[in-house]
Amino acid sequence: MQAPMGVEMVDGDGLANEAIIAYYEERARGGVGLIITETCAMDYPNGANSRHQLGLSDDSFIVGMTELTSRVHNHGAKIAVQLAHHGKVSRVDKKEGRDILVPSIPEWHGSFSMLADTTPEELGWMAAVNGDGGGKLKEMTTDDILETTDKFAEAARRARDSGFDGIEIHASHGYLISAFLSKQWNTRDDEYGGSIAQRSRFLVEIIEAMRAKVDDEIPVWCRLDAKEYLTPDGIEFADARTTARLAEKAGAAAIHLSAYGDSTSASAFTLGTLPHTEAKHKHLSAQIKADLAIPVIGVGRVNPATAEQMLIDGQADLIAMGRQLLADPELANKLGEGRPADIRPCINCYVCVASPFFDRRVHCAVNPALGNETELATADRDTAPASKNVVVVGGGPAGMEAARIAASRGHNVTLFEASAQLGGALRFAALVYEPNARLLAWLTRQMDNLGVDVRTGTPATPEAIQALSPNDVIVAIGGARETSTLPGATLKHVVDGDDLRKVLTGSGDGDAKKVPLVGRLAANAGRLLGLTADADRLAKLTKLYMPLGKEVTIVGGGLVGIEIAEFLVERGRNVTVIDPGPTMAPEMAHPRRWRVLTDLREHGATLITGATVTSIDSDRVHYQTGNPGNPDNGEPVVADSVPADSVILATGLTGNPTLDKWRTVAGVETTIVGDASGIGYIEGAIHDGFHAGLRLG
Ligand SMILES: Cc1cc2nc3c(=O)[nH]c(=O)nc-3n(C[C@H](O)[C@H](O)[C@H](O)COP(=O)(O)O)c2cc1C
Ligand code: SF4
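Residues numbered from 1 in each chain as written. Chains lettered and ligands numbered in written order. Predicted model: local features only at pLDDT ≥ 70, side-chain atom pairs only at ≥ 80, totals over all residues. Heavy atoms only, no water.

**With respect to the site of ligand 2**
Which entries qualify depends on this criterion: Whether a residue is near a molecule or strand depends on its heavy atoms: it is near if one of them lies within 4 Å of it. Secondary structure elements are defined from DSSP: runs of H or I of at least 4 residues count as helices, runs of E of at least 2 residues count as strands, and each element is numbered from the N terminus. Just so you know the grouping, Ala, Val, Leu, Ile, Met, Phe, Trp, Tyr, Cys and Pro go in nonpolar, Asp, Glu, Lys and Arg go in charged, and all remaining residues, Gly too, go in polar.
Looking at ligand 2, the residues that line it are Arg323, Leu326, Cys346, Ile347, Asn348, Cys349, Tyr350, Val351, Cys352, Cys364, Ala365 and Val366. Taken together, the elements giving at least two residues each to the shell around ligand 2 come down to α12 (323-327) and α14 (351-357). Tallied by class, residues from the shell around ligand 2 come to ten nonpolar, one polar and one charged.

**Remarks on the side chain of Asp93**
How we decide: Buried, partly exposed and exposed residues are distinguished by accessible area as a fraction of the type maximum, computed with a 1.4 Å probe on protein chains only: under 20%, between the cut-offs, and over 50%, respectively. Between two residues, a contact is recorded if the distance between any of their heavy atoms is within 4.5 Å.
Residue position: Asp93 is located in helix α3 (residues 91-96). The exposure class of Asp93 is buried, given its relative accessible area of 2%. Ignoring sequence-local partners within four residues, the contact set of Asp93 consists of Pro45, Asn46, Gly47, Ala48, Arg98, Asp99, Ile100 and Gly135.

**What to know about a nonpolar patch on the surface**
Convention followed: Here a patch means residues that are over 30% exposed by relative accessible area and free of salt bridges, tied together within 9 Å if like-charged and within 5 Å if nonpolar (Val, Leu, Ile, Met, Phe, Trp, Tyr). Here, Shrake-Rupley sampling with a 1.4 Å probe gives the accessible areas, and only protein chains in the shown set may cover a residue. Salt-bridge detection follows one rule: a side-chain nitrogen of Lys or Arg within 4 Å of a carboxyl oxygen of Asp or Glu.
On the surface, Phe112, Leu115 and Leu123 cluster together into a nonpolar patch covering about 240 Å² of accessible area. The topology assignment puts Leu115 in the loop between β3 (100-102) and α4 (120-129). Taking the relative accessible area as the measure of exposure, Leu115 reaches 42% and is therefore partly exposed.

**Let's talk about the packing of helix α1 (residues 18-29) against helix α2 (residues 62-73)**
Basically, it comes down to this: Axis lines are fitted through C-alpha atoms, for helices just across the contact stretch, and the angle between N-to-C directions can take any value from 0 to 180 degrees. Just so you know how the angles are binned, under 35 degrees is roughly parallel, over 145 roughly antiparallel, 65 to 115 roughly perpendicular, and the rest oblique. A clockwise turn of the near helix away from the far one marks a right-handed crossing, whereas an anticlockwise turn of less than a right angle marks a left-handed crossing.
Viewed as axis vectors pointing N to C, α1 and α2 meet at an angle of 20°, and their least axial separation amounts to 9 Å. Between α1 and α2, the crossing angle belongs to the class labelled roughly parallel. Pair α1 / α2 crosses with right-handed handedness. Listed contacts from α2 to Glu18, Ile21, Ala22, Tyr24, Glu25 and Ala28 of α1 are Gly64, Glu67, Leu68, Arg71 and Val72. Looking at the contact of α1 with α2, its residues break down into six nonpolar, one polar and four charged.

**Here we look at the sheet that holds strand β12 (residues 453-456)**
Going by this rule: Strand pairing is defined by DSSP finding a minimum of two bridges between the two strands.
Read across the sheet, five strands follow the order β12-β11-β10-β13-β26 without closing on themselves; strand pairing throughout is parallel. The open sheet has two edge strands, β12 and β26 (671-672), and neither has a second partner. In this structure, strand β10 (residues 389-393) lies alongside strand β11 (residues 412-417), joined through five bridges in parallel fashion. Residue pairing for β11: Asn389 is matched across the bridge by Asn412.

**Examining the domain arrangement of the chain**
We count it as follows: Where each domain starts and ends follows an automatic or database-derived domain assignment. Buried surface area refers to the total accessible area, computed with a probe of radius 1.4 Å, that the two partners give up upon joining, counted for both partners together.
Here the domain parsing of the chain yields domain 1 (18-376), domain 2 (389-479 + 655-695) and domain 3 (486-501 + 532-652). Computed over C-alpha atoms, the centres of domain 1 and domain 2 are 39 Å apart. Contact residues are listed per partner, giving 19 residues for domain 1 and 18 residues for domain 2. For the pairing of domain 1 and domain 2, the buried interface totals around 1,500 Å² over both sides, and the portion due to carbon and sulfur atoms is 59%.

**With respect to the site of ligand 1**
Applicable threshold: Two N or O atoms form a polar contact when they lie within 3.5 Å of each other; inside protein one atom must be a possible hydrogen donor and the other a possible acceptor, and for residues adjacent in sequence the pair counts only when both atoms belong to side chains.
Near ligand 1 there are 20 residues, and of these Pro4, Arg223, Arg301, Gly322 and Arg323 occur at the shortest range. Within the contact set of ligand 1, an oxygen atom lies 3.2 Å away from a backbone nitrogen or oxygen of Thr39. Taking Gly322, its main chain carries an N or O atom lying 2.8 Å from an oxygen atom of ligand 1. For ligand 1, the protein covers 94% of the area, taking 600 Å² as the surface of the free molecule. Within the shell around ligand 1, the residues separate by chemical class into nine nonpolar, eight polar and three charged.

**A word on the sheet that holds strand β19 (residues 611-616)**
A sheet is described by the order of its strands in space; here three strands give the open sequence β19-β20-β21, paired in antiparallel fashion. Each edge of the open sheet carries a strand with a single partner, namely β19 and β21 (638-643). Averaged over all pairs of adjacent strands, the angle between their axes in this sheet comes to 30°, without regard to strand direction. As defined by bridge partners, β19 adjoins strand β20 (residues 620-625) across five bridges and the pair is classed as antiparallel. From the neighbouring strand, Val613 faces β20, where its bridge partner is Tyr623.

**Quick look at the packing of helix α8 (residues 201-213) against helix α9 (residues 237-250)**
α9 packs onto α8 with a crossing angle of 20° between their chain directions and a minimal axis gap of 9 Å. Relative to α9, the element α8 is oriented roughly parallel. Here α8 runs over α9; the crossing is right-handed. Taking contact as the criterion, the partners of Leu203, Val204, Ile207, Glu208 and Arg211 in α8 are, on α9, Thr243, Leu246, Ala247 and Ala250.

Have a look at this one:
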């Protein structure tokens with residue numbers, strides 16, 4: 001099943017448009033059995049989270065929804081609509097000055113622990129979408145409850161009339177119904193508050209009203225939270241079990257078990273709604289399944305292999321996947337064809353889910369077609385009008401993606417990679433963050449599948465390129481690192497990211513002089529044994545051996561510095577990261593940043609923001625806080641230092657300084673992509689490569 005995902009593709013009127021239909025159609029074409037739509041506002045725009053979500057609040061919505069269901073049905077898939085009232089998270093009500101319906105006026109508003117790790121820019125965007133147009137919280141009266149129940153039932157009728165095969169009631173994620181289920185948000189003293197049975201009453205009545213309205217012609221089920229993390233008096237698993245039993249009794253056809261947590265906390269989102277740990281809630285879905293006769297839907301970072309095992313182990317009856325189907329809409333067909341290794345992996349980067357926080361259309365780091373299916377879905381299926389000779393210089397993510405698109409469209413592609421292995425910057429990224437290793441393996445495999453002539457260990461000389469008579473040349477030679485002028489940067493125990501990368505990934509020639517000899521020997525041995533070709537095995541090897549001291553200070557807390565910190569903490573190092581900016585890893589999508597920084601602190605790492613490193617000596621790194629570069633800012637400049645027996649410089653990433661000589665090669669004007677022309681990390685590289693491949697025709 002495709003898990004419900006808000007993609008913000010609707011034009012601002014709640015009506016299903018061509019963009020969103022094409023997005024769902026693409027997943028149906030890819031073989032998914034049952035799609036659950038994004039949250040659809042049953043009383044749109046009242047109780048809506050965004051003007052760009054689907055609505056079903058009057059019969060005028062039926063035409064678009066019917067087009068949606070029939071286009072999905074054409075591919076043999078089923079589709080259910082997820083109906084929601086967003087309750088306290090109804091951003092549209094707040095902005096447009098309407099009542100915001102809640103079970104009770106809350107006294108607690110959250111921990112707000114995410115503030116420290118959110119950039120000032122993101123806070124501005126969040127404030128803009130939550131813009132206060134005067135909407136005020138309103139404790140629902142019994143009449144409001146009955147009216148809302150009726151509206152849910154009316155929306156169910158419209159869903160049936162639109163051809164939906166099922167209805168999922170969104171009773172999770174802090175929205176209106178789940179607020180009723182939670183003791184924290186529901187302190188009512190009438191029959192809708194009190195015990196969990198009474199708190200479940202609103203849901204039970206909605207299920208019954210919907211079933212009566214659709215005459216049991218289509219199934220109605222609900223999504224529940226197994227837990228409400230980091231919320232005092234939040235939903236406990238025992239509550240969820242009771243609610244699930246009551247929902248079954250009221251006629252729910254299934255239980256979809258998700259989770260939630262304090263939306264203002266830095267870590268609840270990746271504990272509950274989008275768990276960082278694979279299949280985190282499978283033991284809980286197993287328990288609910290044991291309690292009930294109706295099917296249970298498991299969800300939460302479930303990859304295909306785990307999904308299979310969960311079904312075998314009786315931990316769920318159905319599996320819903322979200323991000324994996326954003327990353328590769330053809331997942332189901334590929335599994336059906338016995339080609340799991342060809343599924344483009346989700347790299348768990350949270351880029352997609354960051355957009356809806358700011359009311360922006362989703363996009364995916366690894367699937368550039370997401371969000372623009374009308375134009376791009378067939379990019380790697382269409383054949384170019386004429387086959388060309390294409391040379392790609394550089395086998396990192398941008399180069400490989402360009403080669404993949406070009407080759408899949410029928411061009412003759414030759415790819416030069418100067419080092420011994422494909423991967424470029426992605427090879428190191430794969431070492432420090434395991435999901436990236438899956439992307440590397442997938443891209444490499446596509447080169448084979450598509451017959452790209454890959455020449456590793458082969459510098460792309462003008463003569464070698466000329467010999468191929470290219471029509472087009474794509475240059476993807478990666479970024480560079482400026483040499484640090486920091487006092488102490490040349491000391492023996494100071495390495496930069498490139499030194500480290502060369503030794504750990506075997507991408508260089510073993511000349512990373514800063515890394516102690518024993519480290520180089522170990523790495524060379526690993527290379528000879530073939531270990532450095534396999535990011536996963538290499539990551540394990542580095543757990544046993546790492547050519548770095550115990551106290552490591554990382555200068556620069558950007559994405560790279562923070563990923564290195566994560567990698568080293570896992571390998572038992574005491575890590576300090578120092579960065580001049582207000583927020584660590586601003587380039588990371590904020591949900592991932594919140595998770596990683598929380599984990600780092602929990603593992604004892606010291607993260608110092610607003611601090612400029614001034615010098616490094618043999619056993620300490622010296623820095624100043626108070627923005628010494630700006631003496632007029634009124635903050636006192638304070639000097640301090642931290643102990644360090646190894647220092648990593650994770651600063652100074654820039655575009656490639658040798659770029660000028662690559663603008664024209666063998667008489668052909670080139671296209672420059674990826675980090676070579678400006679640092680864009682994996683997302684930038686893949687998107688650049690994709691579009692360069694597509695522009696070839
Ligand atoms: C971009 C995005 C939007 C989401 N929107 C919704 C939503 O509208 N309704 C909902 O119940 N869950 C929503 N979710 C949560 C997913 O349904 C799913 O439970 C979660 O992503 C975990 O599954 P996954 O790890 O397979 O992605 C969303 C997730 C993502 C990534
Ligand atoms: S953006 Fe990242 S997390 Fe989201 S689907 Fe794509 S790869 Fe996965």
